[in-house]
Amino acid sequence: MQEWEQDEPLIIERGRGSYLFDIQGRSYLDGTSSVWVNLHGHRHPALDRALKRQLGKIAHSTFLGLSNPPAIELARELIRIAPPGLARVFYSDNGSTAVEVALKMAVQYWQQRHPDAGPKRSFLHLKLAYHGDTIGAVSVGNIDLFHAPFKSLVFPTVEADPPYCYRCPLKLTHPSCQVACLEPIERLLKTRHRELAGLVIEPLVQAAAGMITHPPGYLKRIRELCTKYNVLLIADEVATGFGRTGKMFACQHEAVTPDLMAISKGMTGGYMPLAATLTTEEIYKAFLGTYEEFKTFFHGHSYTGNPLGCAVALENLRIFRRERTLLRLRPKSAALARWLEPVARLPHVGEIRHRGLMVGIELVRDRPTKEPYPITARIGHHVATEARRNGLLLRPLGNVIVLLPPLSTSLPELKRMVAITHSAIETVTGR
Ligand SMILES: *Cc1c(COP(=O)(O)O)cnc(C)c1O
C-alpha cells in the first residue's frame, strides 16, 4: 500500500473485448482476465443486454424462503453442464463463500446422515492450496504469504504434499515416479478417515500456488481414494471452472464427479459477483426433515441468488453454446503452447506450466539448480511493470508470471500478449 501510494496508480475507466482503458485513454491487454473472471471479453453485447433486461424486471429480492426465475433457470443449466451426479445448487456470492458452504455442508452431512462414521469434522488438503480469504477457506489453504497472520484463527486440518513436479517433494521425476506422492495421501486417508469430513482440492491446476498443474490421472485416483475411505471429495473449481482448462469444468478431463463443487469466478463471465456450491442428491437429502428436527443448512447471504447475477450467468452459458467457446479454445491453447516454446528457452525461465488458457511461467535465478529468485528481487513485479509499459496487464504470483487471457482473446491478441511477456522477461532477467 505504501508503494502503491507513491507510484502512479492505474485507474481503469472502461473496457472492450480483451482491452482495458485507463482514465488517460491508454489501452492495455487484459492478460489476467481481470484476475481470472472475464471469459467473453469486456462489454460483450449479449451480456450487457441480459443485465439490462433483468434490470427492467427487478435488481434483487431475497432468496430466503423465496425464489426467482433466473436463479431457477440457472440452477437447471448448471446441473446440465456439471459432471453427472451433481444434482443440487446452493447459491452464494464469491468463491471463498462457495468453499465455506462446501465445508459446512460436508460437516453437517456426516452428523445428520452417518453419525457413526466418526467425528468427521476435519479436512485433508494440499500444501500451497488456495481456497479463498474467509477463515474456513484459509483453514484449508496453505500459502504462508497470505495466511501466516491468521494461524491463530484457523481450525486444524490434515495436509499433504501437492504434486508440484518441478520441485517434487519426494525428489522424483514424472512419469517414472508413478505418482508416488499419492501414497502418503492414501496413508492419511486410511489412518484418519474417521476424523475427515472431506478432501478439498483445486482440480488439475493449483492456480494461486503458481499454476501448479497436476499429472494426468491424479484427480481420478484422488476420487477413487475418497470413495474407498468414505471421505467427501470437494472440488474447488472457482479458478478452473467455465472453460479455463479447455473443458467446462476441470473434473471433466478425468470423468470425475466430486461430492461438492465450488464455482464462482467465470460464472457470470466476469460481470457480477455470484457463486454456487453444487452437490449430489445424497447430500441434499441429508438436510431434509421435519421442522423440529432442525436439519436445515443454516447458511444464507443477503444477496444469495441475486437475479442480476443469475441472469447474466445464464447468458454467459448461452454464449458458450452460441459462440462454441470451448471448441474455439483448442487452436488458441495449441497456438499458445507453440508461442511459449521460445519463452521456455530463456535462461531464467525454470518451467512453463500450461493448461487451456492458464499459464504459469516460473522464473528462477539459476536454471540448473532451480534456485529461486529471492523475494527482495521482486522479479514478478518488475516483469509486470515492464509489460504494463508495453500495454499488457499482468498480475504475477511471486516469481511465477501468470498469463490468463479471456477465452475470447483472438489469436493476434494472444500472440501479442506472449510477445510482450517474452520481451518483459528478457528485459528484466537478461538474456
Ligand atoms: C479466487 C479463488 C477463490 C476465492 O474466490 P473469491 O471470489 O476471490 O472469494 C477460491 N478458490 C480458488 C481456487 C480461487 O482461485
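Thresholds applied
- Every chain is numbered independently, its residues counted from 1 as its sequence is written.
- Side-chain atom pairs in this predicted model are given and counted only at pLDDT of 80 or more, local residue features only at pLDDT of at least 70, and totals for whole chains, interfaces and linings cover all residues.
- Derived side-chain values reflect all non-hydrogen atoms in the structure, with water molecules and hydrogen atoms excluded from consideration.
- The source of the domain bounds is an automatic or database domain assignment.
- We call two residues in contact whenever any of their non-hydrogen atoms come within 4.5 Å of each other.
- Accessible-area loss on putting two parts together, using a 1.4 Å probe and summing over both, is the definition of buried area adopted here.
- The term salt bridge refers to a pairing of a side-chain nitrogen on Lys or Arg with a carboxyl oxygen on Asp or Glu at a separation within 4 Å.
- A 1.4 Å probe that fits but cannot get out identifies a cavity on a 1 Å grid over protein atoms alone, an open set with protein on both sides within 12 Å along at least five of seven lines counts as a pocket, and a residue lines either if it has an atom within 4 Å of a point.
- Grid points are joined across faces, edges and corners, and a volume is the space filled by probe spheres set on the points.
- A run of DSSP states H or I qualifies as a helix once it reaches four residues; a run of E qualifies as a strand once it reaches two. Both are numbered from the N-terminal end.
- Residue classes follow a fixed rule: Ala, Val, Leu, Ile, Met, Phe, Trp, Tyr, Cys and Pro count as nonpolar, while Asp, Glu, Lys and Arg count as charged, and any other residue, Gly among them, counts as polar.
- Between any two strands, at least two bridges found by DSSP are needed for them to pair.
- Note on geometry: axes are C-alpha line fits, over the in-contact stretch for helices, and angles between N-to-C directions span 0 to 180 degrees.
- Throughout this document, a residue counts as near a molecule or strand when at least one of its heavy atoms sits within 4 Å of that molecule or strand.
- Contacts described as polar in this section are N or O atom pairs within 3.5 Å, which, within protein, must combine one atom able to donate a hydrogen with one able to accept it, while residues neighboring in sequence count only if both atoms come from side chains.
- Expected span of a helix: the number of residues minus one, times 1.5 Å.
- For every residue, the accessible area obtained with a 1.4 Å probe (protein chains only) is divided by the maximum for its type, and the residue is called buried under 20%, exposed over 50%, and partly exposed between those limits.
- By nonpolar core we mean a set of buried residues, namely Ala, Val, Leu, Ile, Met, Phe, Trp, Tyr and Cys, connected to one another through side-chain atoms within 4.5 Å.

## Digging into the domain arrangement of the chain
Taken domain by domain, the chain comprises domain 1 (2-30 + 325-429) and domain 2 (50-322). Relative to domain 2, the C-alpha centre of domain 1 lies at a distance of 27 Å. Each partner contributes residues to the interface: domain 1 has 24 residues there, and domain 2 has 23 residues. Here domain 1 meets domain 2 over a buried area of about 2000 Å², counting both sides, of which 60% is carbon and sulfur. Counting across the domain 1 and domain 2 interface gives one salt bridge.

## Looking at the layout of surface pockets
Empty space among the atoms becomes visible once a probe the size of a water molecule is rolled across them. In this structure, the second largest pocket encloses a volume near 520 Å³. What lines the second largest pocket is a set of 19 residues, among which Arg-88, Val-89, Phe-90, Met-105 and Tyr-284 lie closest to the centre. Contributing elements (two or more residues each) for the lining of the second largest pocket: α4 (69-81), β4 (86-92), β12 (275-280) and α10 (281-285). With five residues, the single largest contributor to the lining of the second largest pocket is β4. Of the residues in the lining of the second largest pocket, the class split is 14 nonpolar, four polar and one charged.

## Concerning the sheet that holds β4
In spatial order, the strands read β4-β12-β11-β10-β7-β5-β6; together these seven strands make up an open sheet with mixed pairing. Sheet topology places β4 and β6 (158-160) at the edges, where each strand pairs with a single neighbour. In this sheet, neighbouring strand axes are inclined to one another by 20° on average, regardless of whether the strands run parallel or antiparallel. Taken together, the four bridges between strand β11 (residues 260-263) and β12 define a ladder with antiparallel strand orientation. Within β12, the position partnered with Leu-260 by the bridge is Thr-279. Sheet contacts for α4: β4, β11 and β12; angle to β4, the most-contacted strand, approximately 135°. Sheet strands touched by helix α9 (residues 218-228): β5 (122-126), β7 (196-201) and β10 (232-236). Its angle to β7, the strand with the most contacts, is close to 175°.

## Quick look at the site of the ligand
Around the ligand, the neighbouring residues are Trp-36, Asn-94, Gly-95, Ser-96, Tyr-130, His-131, Gly-132, Glu-202, Asp-236, Val-238, Ala-239 and Lys-265. Here Asn-94 contributes a side-chain N or O atom positioned 3.4 Å from an oxygen atom of the ligand. Between the ligand and Asp-236 there is a distance of 2.6 Å, counted from a nitrogen atom to a side-chain nitrogen or oxygen. Of the residues that constitute the shell around the ligand, the class distribution is four nonpolar, five polar and three charged.

## Some points on the sheet that holds strand β16 (residues 392-393)
What the four strands build is an open sheet, ordered β1-β2-β3-β16; its pairing is mixed. Among the strands making up the open sheet, the edge pair consists of β1 (12-16) and β16. Sheet analysis places β1 next to strand β2 (residues 19-22), joined by four bridges and oriented antiparallel. Considered in β2, the bridge of Arg-14 is made with Phe-21.

## A short note on helix α5 (residues 95-113)
Relative to the 27 Å expected for 19 residues at 1.5 Å per residue, α5 spans 26 Å between its end C-alpha atoms, a close match to the ideal helical length. For α5, a buried count of 15 out of 19 residues is recorded, marking the element as mostly surrounded by other parts of the structure. For α5, the capping residue at the N-terminal end is Asn-94, with a side-chain oxygen 3.1 Å from the backbone nitrogen of Ser-96.

## Concerning the pairing of strand β17 (residues 400-403)
Burial along β17 is two-sided: the face carrying Val-400 and Val-402 and the face carrying Ile-401 and Leu-403 are both buried. Here strand β14 (residues 358-366) pairs with β17 via four bridges, running antiparallel. Bridged to Ile-361 within β17 is Ile-401.

## Describing helix α12 (residues 325-344)
Its 20 residues place the ends of α12 27 Å apart at the C-alpha level, agreeing with the 28 Å of an ideal helix rising 1.5 Å per residue. For α12, the full list of buried residues reads Thr-325, Leu-329, Lys-332, Ser-333, Ala-335, Leu-336, Trp-339, Leu-340 and Val-343.

## Focus: the side chain of Thr-240
Counting through the fold element by element, Thr-240 comes out in the loop between β10 and β11. Using a relative accessible area of 1% as the deciding quantity, one classes Thr-240 as buried. At 2.8 Å, the side chain of Thr-240 and the side chain of Glu-237 are in polar contact. Filtering out sequence-adjacent residues up to four positions away, Thr-240 remains in contact with Pro-203, Val-205, Thr-245, Met-248, Ala-250 and Met-358.

## Describing the nonpolar core
Taken as a class, soluble globular proteins show a tendency for nonpolar side chains to be buried jointly. Ranked by internal contacts, the top residues of the largest apolar core, which has 91 residues, are Leu-74, Leu-199, Phe-242 and Met-267. In contact with Phe-242, not counting residues within four places along its chain, are Leu-39, Leu-78, Met-248, Phe-249, Ile-263, Ser-264, Gly-266, Met-267, Asn-316, Leu-317, Phe-320 and Leu-407.

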